[in-house]
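Architecture at a glance
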Amino acid sequence: INLRPVNETIPSKLIPPTKVSHSNPSFYRVEVPPVDKATVLVLSQSFDRGWRAYKINSKLKTQNSKLQMLLAPILGEGITNHVLVNNWANGWVIKPESQQTIVLLFWPQYLEFLGFILLGLLLLNFFRSDFFRSGIVMRLRSGKPQVSS
């Protein structure tokens, strides 16, 4: 991950981010140093419209990175200037500001994680339900199959 000033020809001076956290392949947390003009944040991954960038506001900065990943699309400010860099990489045009935190996540993977959580809750609810306990468990306890008519 690096930063490149907008409208400069290559080679341009790359600005390294202050800190990058990369807990899994679909999530990056980037501390961007203060910049005085519009800059492109470059993610050297194949370009895909599924990548999203969110600027983290002060409410989320104190939280851990896992919580930031979950809450960034809800509480973060979306960065909509997603651009193609060097004809293959992802980039986002960020506004000149003081130090800022940006979360990059791959939206399809995010939705898959949410689907797993919902599936787990559904299965937990099913196994705790009266339907499951009265039907299957009671038949197993009696030792003989019960046939309903």
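Refer to the preceding data block for the structure.
Residues numbered from 1 in each chain as written. Predicted model: local features only at pLDDT ≥ 70, side-chain atom pairs only at ≥ 80, totals over all residues. Heavy atoms only, no water.

1. Quick look at the sheet that holds strand β6 (residues 77-79)
- Read across the open sheet, the five strands follow the order β2-β3-β9-β5-β6; overall the sheet is antiparallel. Each edge of the sheet is formed by a strand with only one pairing partner; in this case those strands are β2 (19-24) and β6. Mean inter-strand twist for the sheet, computed between neighbouring axes without regard to direction, equals 25°.
- Strand direction decides the pairing type here: strand β5 (residues 51-56) and strand β9 (residues 100-106), joined by six bridges, are antiparallel. Counterpart to Ile 56 in the pairing with β9 is Thr 101.
- In the packing of helix α3 (residues 107-128) onto the sheet, contacts are made with β2, β5 and β9, and the angle to β9 comes to roughly 75°. (Pairing = 2+ DSSP bridges. Helix = DSSP H or I, 4+ residues; strand = E, 2+ residues; numbered from the N terminus. Axes fitted to C-alpha atoms, helices over the stretch in contact; angles between N-to-C directions. Contact = heavy atoms within 4.5 Å.)

2. Remarks on the sheet that holds strand β1 (residues 2-5)
- Taking strand neighbours across the sheet as the criterion, the four strands line up as β1-β4-β8-β7 in an open arrangement whose pairing is antiparallel. At either end of the open sheet lies a strand with only one pairing partner, and these are β1 and β7 (82-85). Averaged over all pairs of adjacent strands, the angle between their axes in this sheet comes to 40°, without regard to strand direction.
- Taken together, the six bridges between strand β4 (residues 39-46) and strand β8 (residues 89-94) define a ladder with antiparallel strand orientation.

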